[in-house]
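Here are the chains, one letter per residue:
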Amino acid sequence: MKKILILLLFLALPSVSLYAATDAPKGIIKITPRMAPPLSLENMDGNKFTLSTKNRRWAFVHFWASWCGPCRREMPTIQSLIQDMSKDNIDFFIVNTAESEDTIFNFLGAVAPEVNTLLDRDGLTTELWKPRGLPSTYLVDPNGQIQYVVIGGQDWHKPLYQNFLKQLSTAKTQDQEK
Amino acid sequence: MNSLLLHTKYPSTFLLLICALTISSAQAAPKRHVFKNPEIKMVVIPRTAQQMAAFYEGREFPINAINATRDACFFTIGIHNKSQSILKLNTNNWTFTTATETLSLLSRAHWIQRWKKLNLPQRFQSTFRWTLLPNQLDFQPDEHEGGNITLARINTPFTLTARFAKEMNSNAKPLIITFKNLRCAEDPAP
């Protein structure tokens, strides 16, 4: 019996180490993993950013619009998050949904001037991701699988959320385990 | 802006609509309809044509698209799943009835056709879609979402019967919420 228990414990260990941050804070929901839709967009300076399935880093993919009240509250906390996690193993893709550069510039200038947003000019990339609403955030693992969705706006500057993301960014993926 | 305080629990599209629409037309205050029980809070707010026009003008919509919204009757819906189980929204299970007839929601397909005829640029179509209530959504425990629903303008009062299935037990009775005496909001007289 004891051997069986030890064996079970041994078998359970790898699944604990994969994506070790299993206790997601409120509002972050673990989903059945699915492949992230393509994301390749330019920022306001014309530089293209592409979500790659080969970069072996986690990605924080966030969709927003200036007309979205919660986005206004949340964006400064995302700015803090990006700054605080600049040395962590995570990429940030902040995507504006279908607004003009003037609107985006005015909005970000007022609430989060350091955020480097990508422009989904026609809104079609956002459509592919099918957010529940705006704002909407996805956490994509290094293999390009969406592992978590985030419901509504969150206080990303809180340690609860940052610690969770730090745990994710240091957890090994199944591919890395092999 | 004070009316915003009533809705700080709606962290999605709903709040933005409340915010923008409240600012754009503080003069008109259509009646707000609220249903609350331990499982759900649902708010229905009629919107005047002026309110909607101001909202979309603020988003730089062309005038022909703004005029198209004037033909429709808009309601902003806010839903908060207060239960610990998933509530399934499917607006196909909602009914809108007057004393003599059943009304239909103006579907997303309807709006797509409308925008195509007007050659509305894709980015405005996208924005418009995001301001609509999703047709289907599994509301997670404590999730708040919202958005607009649209019907053809009508002068008579009607009843909305909203049904939400519960995921925990497929045999469980659906949650049924009724809002009586809803009316399309009219612009204030000039």
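Above: the structure in question.
Note that the structure is a prediction, hence the values are computed from the model and not measured.

Under the criterion given, the structure shown has two disulfides over all chains. Across the disulfide from Cys 68 of chain A sits Cys 71 of chain A; the S-S distance is 2.3 Å. Here the S-S torsion is close to 85 degrees, and the disulfide linking Cys 68 of chain A with Cys 71 of chain A is therefore right-handed. Comparing Cys 68 of chain A with Cys 71 of chain A shows no difference in burial state: the two are buried. Paired through a disulfide, Cys 73 of chain B and Cys 184 of chain B show a sulfur-sulfur distance of 2.2 Å. What sets the handedness of the Cys 73 of chain B and Cys 184 of chain B disulfide is the S-S torsion sign, and at about -110 degrees it is left-handed. With Cys 73 of chain B in strand β3 (residues 72-81) and Cys 184 of chain B in the segment after β10 (175-182), this residue pair connects regions lying 111 residues apart in the sequence. For the pair shown, Cys 73 of chain B and Cys 184 of chain B are each scored as buried.

All names here are of chain B. Close contact between helix α4 (residues 63-70) and helix α5 (residues 108-117) brings their axes to 10 Å; oriented N to C, the two are set at 145 degrees. For α4 against α5, the interelement crossing comes out right-handed. Where α4 approaches α5, its residues Ala 65, Ala 68 and Thr 69 are matched on the opposing element by Trp 111, Arg 114 and Trp 115. For the contact of α4 with α5, the residue count by class is four nonpolar, one polar and one charged.

The next subject is the sheet that holds strand β2 (residues 40-47) of chain B. Residues and elements named next belong to chain B. Read across the sheet, four strands follow the order β1-β2-β3-β8 without closing on themselves; strand pairing throughout is antiparallel. Since the sheet does not close on itself, it has two edges, and those belong to β1 (33-36) and β8 (144-152), each with one partner. Recorded for the sheet is a direction-independent mean angle of 15 degrees between the axes of neighbouring strands. Here nine bridges tie β3 to β8, and the two strands are oriented antiparallel to one another. Bridge pairing in β8 links Phe 75 to Ile 149.

Attention now moves to the pattern of salt bridges. Throughout the structure, instances matching the rule amount to twelve salt bridges over all chains. Among the ionic pairs, Arg 121 of chain A bridges to Glu 42 of chain A, the shortest N-O distance being 3.8 Å. Separated by 79 residues along the polypeptide, Arg 121 of chain A in the loop between β6 (117-120) and α4 (124-129) and Glu 42 of chain A in strand β2 (residues 40-43) bring together distant segments of the chain. Look at Arg 121 of chain A and you get partly exposed, because its relative accessible area is 42%. Residue Arg 114 of chain B is joined to Asp 71 of chain B by a salt bridge in which the shortest nitrogen-to-oxygen separation is 2.8 Å. With Arg 114 of chain B in helix α5 and Asp 71 of chain B in the loop between α4 and β3, this residue pair connects regions lying 43 residues apart in the sequence.

Cut-off values and rules
Residues numbered from 1 in each chain as written. Chains lettered and ligands numbered in written order. Predicted model: local features only at pLDDT ≥ 70, side-chain atom pairs only at ≥ 80, totals over all residues. Heavy atoms only, no water. Disulfide = S-S within 2.5 Å. Buried < 20%, exposed > 50% of the residue type's maximum accessible area, 1.4 Å probe, protein only. Helix = DSSP H or I, 4+ residues; strand = E, 2+ residues; numbered from the N terminus. Axes fitted to C-alpha atoms, helices over the stretch in contact; angles between N-to-C directions. Left-handed = near helix turned anticlockwise from the far one by under 90°. Contact = heavy atoms within 4.5 Å. Nonpolar A, V, L, I, M, F, W, Y, C, P; charged D, E, K, R; others polar. Pairing = 2+ DSSP bridges. Salt bridge = Lys/Arg side-chain N within 4 Å of Asp/Glu carboxyl O.

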